[in-house]
Amino acid sequence: MELAAIYHRPNSEWAYMSTPDEFVINLRAKHNDLSKVEILYGDPYDKTLTEANTSKWNYQVKELVKNLRGVSADYWQVKLSIPASRRLAYAFRIYGQESEQFLYDDRKLAPFSETSLHDLVAFRTPYLDPAEITGLPTWVAKTIWYQLMPDRFANGQPTNDKEGTVAWDSEEASATNFFGGDLAGIIDKLDYLQELGVNGLDLTPIFTAYSNHKYDTADFWSVDPAFGNKEDLKRLVDEAHRRQMKVMLEGTFDHLSDFSMQWQDVHKLGAKSRFAKWFKVKAFPVRYTLSADPNYAPDASYAMFANNPHLPKLNLHEKAVQDYLLEVLTYWVQQFDIDAWRIGTADEFPPSFSRRLVTHLKKIKPDFYLVGENNDTGINTEGRPLFNGGVNYPLVEIMKDYFLDEKAAVGWLIEATNTQLMRHANPTLQGMLLSLDGPNSPRLLDLCHQDKQLMRALLAYSFLQIGSPVLFYGTELGLTGASVPANRACMKWKADEQDETMLRFIKVLADFRKAYNPLITKGSYEWGQYSSKYDYLSFTRRLGKQRIFALFNLGYSSIKFVLPANAKLIMSQNLIETDSRLGQYGFVIIEA
């Protein structure tokens, strides 16, 4: 038995409340190293006085199940009922493949014996208060999101087009051109989106800003006039809700535009400005060093976002700034009934402010969804009851490394995926967004080297993962764009410019995800046969008596696959049933 591979961390994603009445415990060990694991558990205060006048802990015993099988490591799990005292104590009895046994408690990993059991010092939880569960609204795990950039989606009200707006899709997308897309255009296309199968709208920033993308917000209190007005937003939210669709707004709240009223006041008055403490200014007057790139400054007398002198960073530790942001974030929820915020660089929020924000928004709308978009998804772990959503970039990058870049073998994919699945509690995983592409990345079809079969295989695989899928507008029509701003092209509304095959595929994929949503979000994950040599993998998702089996072949050669007699074929690609073969980039998903 390789003792160094055995690992558990109490009071973390390895030991957490999943519901007010259930506690989940995980343990890692070397692959195929253990034959069985038992947990000794109970109320830490449930003790009996022995004849020797010593106390004996009254524990129960339950066997763990092998929850995830990997290549180098296996993960064991058990779900326990929380005692009436709402405290748990526990230790592990570990059985090797031979006759060896070990006791693993909070102080030691030692050979199991009467002596080690007598000297047991159990892992212990604090008081398990249900109020500390970072609740996830029930609707989140059922949502398929559609992320869109208003200027590039549809023009429904030409009268609000700003001066210089060009005709729809009349030229290539650039960093400076405007095509007239607006909120009215989104309303006009809600029936299209509903038919597509998405039930969540993710709108990139709609607030007043200088750019076409609006991430450089100048005024968080107003809708950009080129997109319409507040009445248009209210109508959009109401019409979406009427179709059982949720609406999420995006914003970056760690900086403002240099066109903002606050920064203009600082620029004019310097240290005497009432907003001087709102920003991280090193010296007055505020200035920066010019470079060949107008959006890059090698040096400045103030902190900048991404070294962009036009995006001065806010001092998020300043109470006046926190009060301002709290008012802004609250306003759009109260007045327009939006369902979610997607906050960029949310990891820069002080934890105390994040907790204040979460508490405040939950009072206003208990089922509100708050997404923190950060490269470090750890913001949602380690017992910090902060945002109930994130963007699972690590898991997405693992998928891309295997499917697209050929950087990894199948065995690596399995191990890396297991590591990410164990990095978060299951409710946290359910609250993660899975974005394969977006406003700041190449289009998915470009990432797939223009190979639509590969693109469909990756999409199908991603829709089988825990977390809410996010489709970037136009993915269903085969939009391309290898870099910013080409990836922000206009939506193709002419039928002869659309990829009807991809459109039908996305509709089928969305229907599949909705039909099997409980299994995909809550079911077990069991890896099956795989081959690094021939580049294929399989796995099973299981919940109760329901089971889905999936097989993906990325290898150059076809592989043998025989459809079981009683199985239901859900989706497939490159499956030749007459020859029982699955070709390159082929996949099959069945219910068996």
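Residues numbered from 1 in each chain as written. Predicted model: local features only at pLDDT ≥ 70, side-chain atom pairs only at ≥ 80, totals over all residues. Heavy atoms only, no water.

Trainee: Would you mind showing me how to read the pattern of salt bridges here?
Mentor: Oppositely charged side chains can pair when the atoms bearing their charge come close. For the coordinates displayed, the defined rule picks out 25 salt bridges. One salt bridge in this structure joins R342 and E250, with 4.0 Å as the shortest N-O distance. Taken as a pair, R342 in strand β20 (residues 340–344) and E250 in strand β17 (residues 246–252) lie far apart in primary sequence, 92 residues in all. The class of R342 is buried, set by a relative accessible area of 3%. Here E250 falls in the buried class, since its relative accessible area comes to 3%. The shortest N-O distance in the salt bridge between R542 and E526 comes to 2.8 Å. Of this pair, R542 sits in strand β26 (residues 536–543) while E526 sits in strand β25 (residues 524–531), placing them 16 residues apart in sequence. Taken together, the shared-partner salt bridges connect D191, E239, R242 and R243 into one network. (Salt bridge = Lys/Arg side-chain N within 4 Å of Asp/Glu carboxyl O. Helix = DSSP H or I, 4+ residues; strand = E, 2+ residues; numbered from the N terminus. Buried < 20%, exposed > 50% of the residue type's maximum accessible area, 1.4 Å probe, protein only.)

Trainee: Quick question: what am I supposed to make of the side chain of S222 here?
Mentor: Considering the arrangement of structural elements, one finds S222 in strand β16 (residues 217–223). Relative accessible area serves as the criterion here: at 18%, S222 is assigned to the buried category. In terms of polar contacts, S222 uses its side chain to reach the side chain of T208, at 2.5 Å. Once residues lying within four places of it in the same chain are set aside, the contact partners of S222 are I206, F207, T208, K230 and W332. (Polar contact = N/O pair within 3.5 Å; in protein donor to acceptor, adjacent residues only side chain to side chain. Contact = heavy atoms within 4.5 Å.)

Trainee: Whenever I open this one, the sheet that holds strand β24 (residues 468–472) confuses me. Can you help?
Mentor: Sheet strands associate in pairs through backbone hydrogen bonding, adopting either a parallel or an antiparallel arrangement. Strand order in the closed barrel formed by eight strands is β13-β14-β17-β20-β21-β22-β23-β24, and the pairing between neighbours is parallel. Going across the sheet, the axis of each strand differs from the next one's by a mean of 25°, ignoring polarity. Sheet analysis places strand β14 (residues 200–203) next to β17, joined by four bridges and oriented parallel. Bridge pairing links G200 to K246 in β17. Against the sheet, helix α9 (residues 393–403) contacts β20, β21 (369–373), β22 (389–391) and β23 (432–435), and its axis sits at roughly 30° relative to β23. (Pairing = 2+ DSSP bridges. Axes fitted to C-alpha atoms, helices over the stretch in contact; angles between N-to-C directions.)

Trainee: Help me understand the nonpolar core, please; the structure alone is not making it clear to me.
Mentor: Most often, soluble globular proteins have nonpolar side chains that are buried together. Among the nonpolar cores identified, the biggest contains 128 residues, and Y146, W341 and F552 are the most heavily contacted of them. For this core, the leading source of residues is helix α7 (residues 319–336), giving nine residues. Beyond its immediate stretch of four places on either side in the chain, F552 contacts F403, A457, A460, Y461, L464, D535, Y536, L537, F539, G586 and F587. Counting 23 residues, the second largest nonpolar core, distinct from the first, contains A15, M17, V37 and I39. (Core = buried A, V, L, I, M, F, W, Y, C linked by side-chain atoms within 4.5 Å.)

Trainee: Can you walk me through the packing of helix α5 (residues 230–242) against α7 in this structure?
Mentor: Packed helix pairs are specified by the crossing angle of their axes together with the interaxial distance, meaning the distance between the axes. Two elements in contact, α5 and α7, have axes separated by 10 Å at closest approach and are oriented at 65°. Facing K230, L233, K234 and V237 of α5, the residues of α7 in contact are Y331, W332, Q335 and F336. For the contact of α5 with α7, the per-class residue count stands at five nonpolar, one polar and two charged. (Nonpolar A, V, L, I, M, F, W, Y, C, P; charged D, E, K, R; others polar.)

Trainee: What's the story with the layout of surface pockets in this structure? I'm lost.
Mentor: In this approach, a probe sized like a water molecule rolls over the atoms, and the result shows the empty space that is left. The space that makes up the largest pocket amounts to roughly 1,200 Å³. In terms of lining, the largest pocket is formed by 48 residues, of which the most central are H213, Y215, F305, N440 and R488. Of all the secondary-structure elements, those providing two or more residues to the lining of the largest pocket are β17, β19 (308–312), β20 and α9. Sorting elements by how many residues they give to the lining of the largest pocket places α9 first, with four residues. Of the residues assigned to the lining of the largest pocket, the class counts are 14 nonpolar, 21 polar and 13 charged. (1 Å grid on protein atoms, 1.4 Å probe; cavity = no way out; pocket = protein on both sides within 12 Å on 5 of 7 lines; lining within 4 Å. Points joined across faces, edges and corners; volume = space filled by probe spheres on them.)

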